[in-house]
Amino acid sequence: MEKINQEDIGALYVVATPIGNLEDITLRAINILKEVDLIAAEDTRHTLKLLNHLNISKTLISYHRHNENIKTDILIKELKQGKNIALVSDAGTPGICDPGEEVIKKCIEEDIKVISIPGPCALINALICSGLDTKEFVFIGFLPLNKKNRKEKLKEIENITKTIILYEAPHKLEKTLKDLKEIIGNRKIVLARELTKIHEEYIREDINSLMEKAKAIKGEIVLIIEGAEKKEESDLLELSLEEHYEYYKQKGLNKKEIIKQIAKDRNVNKNEIYQKFL
Ligand code: SAM
């Protein structure tokens, strides 16, 4: 069995826990939860249920979104005093739409070891059985609720040519599908529901037909959406200069690279394009 960190400074173990089925926890994760000095949990009552199921009794400290700042400092202090800490969230992998990012960044800044203990993660499990392209994908998480930010994010999604993954709450599904349809158009979509639980289900549809069923869909859901069609070079020439620019921006190119690429596509001097974007 793996020996837990024995150094003077403790280590932070980022431990993935089940997303429904309590059997989805690795032997290594159980061992770490048994061996650490403290467990930092998103919701201590929730984690207690898991620990009881595993017959583990351990000191729990709450580490949730609303106290991340304060609790990060406390955890860093404990780690520096030599305590080994496991970080868990309510379900799945900490830091993925769950608290964790802050304490992990701080540990790295302070030269404290961060060790990932892999396990369930809803986005990965949903993607692999979706039947959509798994070679390249973009995880968005939850769409912003603020109207302007939401629209911006949807516009960004519109041009992504890789598979897109979203988290959503069931009561917001109808609105989200409507917004998606409006901005990205009708596309193939897979709704992965209640993963690892009794009612696990994959609904493979397009946005239009999923909209008709949305009202009745309950439980935890992940949406996996087919990426935008790749544009051929000849299509690019039909775009306005701004759209052409945006197309490459979405592909992750920087300003200099975009200008060079546009000039190449349009067979013009790059200074000419550069002047237009000044
Ligand atoms: N950290 C988690 C992970 O690793 O996937 C995600 C936490 S996030 C707060 C919760 C969201 O994850 C849910 O709203 C849902 O979109 C997705 N999710 C979590 N468990 C799920 C499950 N069993 N089936 C489908 N989606 C799930």
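Keep in mind it's a predicted model, so treat the numbers as computed, not measured. (Residues numbered from 1 in each chain as written. Predicted model: local features only at pLDDT ≥ 70, side-chain atom pairs only at ≥ 80, totals over all residues. Heavy atoms only, no water.)

As for the overall build of the chain
To keep things clear, this is the line we draw: By definition, any uninterrupted DSSP run of H or I lasting at least four residues is a helix, any uninterrupted run of E lasting at least two residues is a strand, and each is numbered from the N terminus. Relative accessibility decides the category of a residue: with a 1.4 Å probe and only protein chains considered, values under 20% of the type maximum give buried, values over 50% give exposed, and everything between is partly exposed. We call two residues in contact whenever any of their non-hydrogen atoms come within 4.5 Å of each other. Where accessible areas are quoted, they stem from the Shrake-Rupley method and a 1.4 Å probe; at the residue level, only the protein chains shown are allowed to cover. As used throughout, the charge tally considers Lys and Arg to be positive and Asp and Glu to be negative, leaving His and the chain termini uncounted. Where a charge lies is defined by one atom per residue type: Lys uses NZ, Arg uses CZ, Asp uses CG and Glu uses CD.
Scanning the chain for helices and strands turns up 12 helices and 10 strands. If you line up the chain on its principal axes, its C-alpha atoms span 65 × 45 × 35 Å. Relative to its full complement of 278 residues, the chain shows a buried share of 43%. Taking all contacts inside the chain whose residues are at least 6 apart in sequence as the whole, residues at least 24 apart take part in 67%. Here the chain displays about 15800 Å² of accessible surface, and carbon together with sulfur accounts for 49% of that area. Side chains of the chain give 45 positive and 47 negative charges; the mean places of these two sets differ by 2 Å.

Quick look at the environment of E243
Note on placement: E243 falls in helix α10 (residues 241-250). A relative accessible area of 44% places E243 in the partly exposed class. Remark: the alpha-carbon pair of E243 and E257, spanning 14 residues in sequence, is separated by 15 Å.

Digging into the pattern of salt bridges
For clarity, the threshold we go by: Salt bridge, as used here, is a side-chain nitrogen of Lys or Arg placed within 4 Å of a carboxyl oxygen of Asp or Glu.
Enumeration according to the criterion identifies 18 salt bridges in this entry. Between E109 and K106 there is a salt bridge whose closest N-O contact spans 3.8 Å. Remark: K106 and E109 occur in helix α4 (residues 101-109); sequence separation between them is 3 residues, near one turn of the helix. E109 sits in the exposed class, given a relative accessible area of 60%. We classify K106 as partly exposed; its relative accessible area is 26%. Among the salt bridges present, the one from E220 reaches K197, with a minimum N-O distance of 2.9 Å. In this pair, E220 sits in the loop between α8 (207-213) and β10 (221-225) while K197 sits in the loop between β8 (188-193) and β9 (201-206), placing the two residues 23 residues apart along the sequence. The class for K197 is partly exposed, based on a relative accessible area of 27%. Where salt bridges share partners, they join K80, K106, E109 and E110 into one cluster.

Some words on the domain arrangement of the chain
To keep it simple, the criterion reads: These domain limits were set by an automatic method or by a database of domain assignments. Values labelled buried area give the accessible surface lost by two parts on being combined, using a 1.4 Å probe and summing over both. Side-chain atoms alone can form a polar contact between residues adjacent in sequence; in general such a contact is a pair of N or O atoms within 3.5 Å, and within protein one must be able to donate a hydrogen while the other accepts it. Following the grouping adopted for this structure description, the nonpolar residues are Ala, Val, Leu, Ile, Met, Phe, Trp, Tyr, Cys and Pro, the charged ones are Asp, Glu, Lys and Arg, and the polar ones are all others, Gly among them.
Under the domain assignment, the chain is made up of domain 1 (12-120), domain 2 (123-225) and domain 3 (233-276). With 7 residues of domain 1 at the interface, the matching set in domain 2 holds 10 residues. For the pair domain 1 and domain 2, the summed buried surface comes to about 550 Å²; carbon and sulfur atoms form 69% of the total. The three residues of domain 1 that bury the most area against domain 2 are I19, I96 and C97, which together make up 71% of that side's buried surface. Linking domain 1 with domain 2 are 0 salt bridges. Connecting domain 1 to domain 2 are 1 residue pair in polar contact (both at pLDDT 80 or more). Of the residues in the side of domain 1 that touches domain 2, the class split is 4 nonpolar, 2 polar and 1 charged.

Quick notes on the packing of helix α3 (residues 68-80) against α4
The description of two helices packed together rests on the angle between their axes and the distance between the axes. Going by this rule: Helix axes use the C-alpha atoms of the stretch in contact, all axes being lines fitted to C-alpha atoms, and the angles between their N-to-C directions lie in the range 0 to 180 degrees. Here the angle decides the label: under 35 degrees means roughly parallel, over 145 means roughly antiparallel, 65 to 115 means roughly perpendicular, and every other value means oblique. A crossing counts as left-handed when the near helix is turned anticlockwise from the far one by less than a right angle, and as right-handed when that turn is clockwise.
Contact pair α3 / α4: the axes reach a minimum separation of 9 Å and the direction vectors enclose 40 degrees. Taken together, the axes of α3 and α4 are oblique relative to one another. Where α3 crosses over α4, the two elements pack in a sense that is right-handed. Taken together, the residues of α4 that come into contact with α3 (itself represented by E68, N69, T72, L75, I76 and L79) are E101, E102, V103, K106 and C107.

Examining the packing of aromatic side chains
Where two aromatic rings form a pair, the distance of their centres and the angle of their planes describe that pair. Cut-off, in case you're wondering: Ring pairs are drawn from Phe, Tyr and Trp, using the six-membered ring of Trp, whenever the two centres fall within 6.5 Å, and their geometry is named by plane angle: stacked under 30 degrees, edge-to-face over 60, tilted for the rest.
Under the defined criterion, the tally for this structure stands at 4 aromatic pairs. Arranged with centres 4.6 Å apart and planes meeting at 45 degrees, the rings of Y245 and F277 form a pair that is tilted. Here F277 lies in the segment after α12 (270-276) and Y245 lies in helix α10, a separation of 32 residues in the sequence. On the numbers, 5.1 Å between centres and 65 degrees between planes, the contact of Y247 with Y248 is edge-to-face. Taken together, the ring pairs connect F139, F142 and Y167 into an aromatic cluster.

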